[in-house]
Every structure is written in C-alpha cells, then in structure tokens.
Amino acid sequence: GDQVEQSPSALSLHEGTGSALRCNFTTTMRAVQWFQQNSRGSLINLFYLASGTKENGRLKSTFNSKESYSTLHIRDAQLEDSGTYFCAAEGANTGKLTFGHGTILRVHP
Amino acid sequence: GPKVLQIPSHQIIDMGQMVTLNCDPVSNHLYFYWYKQILGQQMEFLVNFYNGKVMEKSKLFKDQFSVERPDGSYFTLKIQPTALEDSAVYFCASEGDAEQFFGPGTRLTVL
C-alpha cells in the first residue's frame, strides 16, 4: 500500500476561512516537505520539517515523526491559495521523496 | 527559493525516438533527482544521482532510461527508445542540505 496517505483529496473553502490537510505515514519518515503545485504545474516549496512546527504567514505545518503524521494548516484563505497541495516524505534510509496523492484546494469568494 | 531550470518546457516526439531532458540545478547542490508525474496523478520518484553515480532508482526507471551530468553541466535524463507510456511531466529536483527544490517540469508527449 501507499506509504503516504494524504487527506482530504479535495477541499473547498470560502475566502477568509481555514482548514487543515493531513498526511499519515505507514513507515518511519525522517523529514517531510509540503508543496503547492500552481496552475502552471510548478511546485512551490512551502515547508521542510525534520520535526516540530513551522509557521510562515497564513500557513503552519507540523511533523510528528513518532506518531507518523504531518499537517498543514491554512488560515484566512485567499483566492490565490487555490491549487494542489502535496506532502512528500523522506524515508529513514533514502533521499527520495514519496509523495501523497495531493489535495485539490479551491478557494472561492 | 533557489531556482532549478529545465529545458525544454515541452517536447513532442515520435515513439521509438530518443529524447534528452535537461536540468540546470542549483549551483552548489550535490544531489539530483528525477520524478515523473502523469497528468493529474501522483508524483513518483525515478532516480537520484550523486557524485557522478546513480544512488537509487525505482521500478519506473526502465532500462531505456539513463542519467548523467557530464563535467558539471546539465543533469540529463535520456530515454532511448521512447514509448507511449513515457508521456508525462518530468521534474528535476536539486538538493543541497536536505531540502529538495524542483524545476518547472518538462512536459513530454510521445506520439
């Protein structure tokens, strides 16, 4: 089965509201990255975490390696936040990233 | 963040021909990766490369695939010969100190 389980697969938010995305890992991961894939297909780095919590503007992410999950919180969503969000985790003995299936976020007025 | 460039942005090619995808990684990075994303689907790891060698590859990295970075120039992915199922967007990633940065991708269409 998949090593990275991402949820929800799709999310619709009104401007100004917020929500959380989550990734569960079925094996031990040593780090996680979160990306936004924009309408042109480019991957924008949001966070890199080996542990703990980081915050950047309206985004906050947590990685709990012991409990094998990571979250991405979005608050005060704006129209430009629309896109597909991916988590990607790095295994204990490898440099490769294993991606989740993505969350399609649509922010509407 | 650091910029990774990919050339070309689009490539259309007939099945059976050879194609080379080029990546210009971040200048002081040492680890390089190729990933494949079929339209609307998950991003999947192909191969990683360090110090002139393939370190790890997935099942998707078929015998027809090869990578190299001659003399510190472009990091390339060559497919010879191409097959219909190779149609996808190929992303290069560059890593210096743990975090990977991705290029904008090359959309490959095999006819």
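Right above here is the structure, for reference.
Residues numbered from 1 in each chain as written. Chains lettered and ligands numbered in written order. Predicted model: local features only at pLDDT ≥ 70, side-chain atom pairs only at ≥ 80, totals over all residues. Heavy atoms only, no water.

## Here we look at the overall build of chain A
Phase 1 of the analysis: Looking only at helices and strands, chain A has zero helices and 11 strands in total.
Phase 2 of the analysis: The principal-axis extents of the C-alpha atoms in chain A amount to approximately 45 × 25 × 20 Å.
Phase 3 of the analysis: A burial count over chain A gives 49% of its 109 residues as buried.
Phase 4 of the analysis: In chain A, once contacts between residues fewer than 6 apart in sequence are set aside, the share between residues at least 24 apart is 54%.
Phase 5 of the analysis: On chain A, the mean spot of the 10 positive side-chain charges and the mean spot of the 9 negative ones are 5 Å from each other. (Helix = DSSP H or I, 4+ residues; strand = E, 2+ residues; numbered from the N terminus. Buried < 20%, exposed > 50% of the residue type's maximum accessible area, 1.4 Å probe, protein only. Contact = heavy atoms within 4.5 Å. Lys, Arg positive; Asp, Glu negative; His and termini not counted. Charge placed at Lys NZ, Arg CZ, Asp CG, Glu CD.)

## Overview of the sheet that holds strand 7 (residues 65-68) of chain B
Residue and element names in this part refer to chain B.
Phase 1 of the analysis: Read from one edge to the other, the open sheet built from four strands follows the order 1-3-8-7, with strand pairing classed as antiparallel. Each having just a single partner strand, strand 1 (5-7) and strand 7 make up the two edges of the open sheet. Across the sheet, the mean angle from the axis of one strand to that of its neighbour is 20 degrees, orientation sign disregarded.
Phase 2 of the analysis: Bridging between strand 1 and strand 3 (residues 19-24) involves three bridges; their strand directions are antiparallel. Bridge pairing in strand 3 links L5 to D24. (Pairing = 2+ DSSP bridges. Axes fitted to C-alpha atoms, helices over the stretch in contact; angles between N-to-C directions.)

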